[in-house]
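Each chain, letter by letter, is given below.
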Amino acid sequence: METVYAQGSEAALLMSSVDRALTGDDEDVPLTDRAAFRSALDESSPAAMIESFVGALTLVADRAGGLLIAFEDAAGSDAAIAELWAAAEQRLRVDYRRLVVAVTAAGPLPAGWDVETATDAMWATFPPRLAHTLVRSLAWPRERTVAWVSTTVTALLLPTDDRKHE
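The model shown is predicted, which means the values in this text are computed figures rather than measured ones.

Parameters at a glance
- Residues numbered from 1 in each chain as written.
- Predicted model: local features only at pLDDT ≥ 70, side-chain atom pairs only at ≥ 80, totals over all residues.
- Heavy atoms only, no water.
- Salt bridge = Lys/Arg side-chain N within 4 Å of Asp/Glu carboxyl O.
- Helix = DSSP H or I, 4+ residues; strand = E, 2+ residues; numbered from the N terminus.
- Buried < 20%, exposed > 50% of the residue type's maximum accessible area, 1.4 Å probe, protein only.
- 1 Å grid on protein atoms, 1.4 Å probe; cavity = no way out; pocket = protein on both sides within 12 Å on 5 of 7 lines; lining within 4 Å.
- Points joined across faces, edges and corners; volume = space filled by probe spheres on them.
- Nonpolar A, V, L, I, M, F, W, Y, C, P; charged D, E, K, R; others polar.
- Arc of directions from axis to C-beta.
- Contact = heavy atoms within 4.5 Å.
- Axes fitted to C-alpha atoms, helices over the stretch in contact; angles between N-to-C directions.
- Parallel < 35°, antiparallel > 145°, perpendicular 65-115°, else oblique.

**Topic: the pattern of salt bridges**
Scanning the model with the defined rule gives 7 salt bridges in all. Note that R129 and E72 form a salt bridge whose closest N and O atoms lie 3.1 Å from each other. In this pair, R129 is assigned in helix 6 (residues 128-137) and E72 in helix 3 (residues 46-75), connecting sequence segments 57 residues apart. Judged by its relative accessible area of 32%, R129 falls in the partly exposed class. A relative accessible area of 32% means that E72 is categorised as partly exposed. Taken together, the shared-partner salt bridges connect R93, R97, E116 and D120 into one network.

**Focus on the layout of surface pockets**
In this structure, the largest pocket encloses a volume near 590 Å³. Lining the largest pocket are 31 residues; nearest its centre among them are D19, L22, L31, R91 and D95. Counting only elements with at least two residues in the lining of the largest pocket, the list comes to helix 1 (10-23), helix 3, helix 4 (79-106) and helix 6. In terms of residue count, the dominant contributor to the lining of the largest pocket is helix 4 (8 residues). Its residues assigned to classes, the lining of the largest pocket shows 19 nonpolar, 3 polar and 9 charged.

**What to know about helix 6**
Residues of helix 6 that are buried include every one of P128, A131, H132, L134 and V135, and no others. For helix 6, the buried positions fall inside an angular range of 165 degrees around the axis, keeping them on one side. Those residues of helix 6 that are buried lie in contact with helix 3, helix 4 and helix 7 (142-157). Two residues or fewer after helix 6 comes A139, characterised by a positive phi angle close to 60 degrees.

**Some points on the packing of helix 3 against helix 4**
Close contact between helix 3 and helix 4 brings their axes to 12 Å; oriented N to C, the two are set at 175 degrees. Compared by their axis directions, helix 3 and helix 4 come out roughly antiparallel. Contacts between helix 3 and helix 4 involve P46, M49, I50, F53, L57, L68, F71, E72, A74 and A75 from the first element and I81, A82, L84, W85, A88, D95, Y96, L99, A102, V103 and A106 from the second. A breakdown of the residues in the contact of helix 3 with helix 4 according to their chemical character gives 19 nonpolar, no polar and 2 charged.

Written out as structure tokens, the structure is:
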């Protein structure tokens, strides 16, 4: 009789489940190379990029948020899972950095900010746990979540004069 452990260790099974939940399929394509994220990064203005990117992230967080929370919580008690969680967090940071780089290609960041500082701020502002809390625990409609997070991220990443859609 085959068991779930035929897939490998508990950590490997968890990682496989997380990857599938994040992307919605089993293709080996990074999240930000998928259509919704590529489209967001091709928007005409930085504010539109942010809103579209946050919209795509919100869909992912709604689909995978509960599993990501379980993943993060499990990392506190299992060294192998903690190592996978740290790697997943770094991949998320790379995804957020990709947005920041696209925004800076269209215009400057707020005075005194560089790409790394802006990436850190984005990463700290919109973790998957927050999206899950807003959409699932607080039952915010997706549109409200996207609007609030987009407004917050726009305030972080864009100089005051660039915060409105062109």
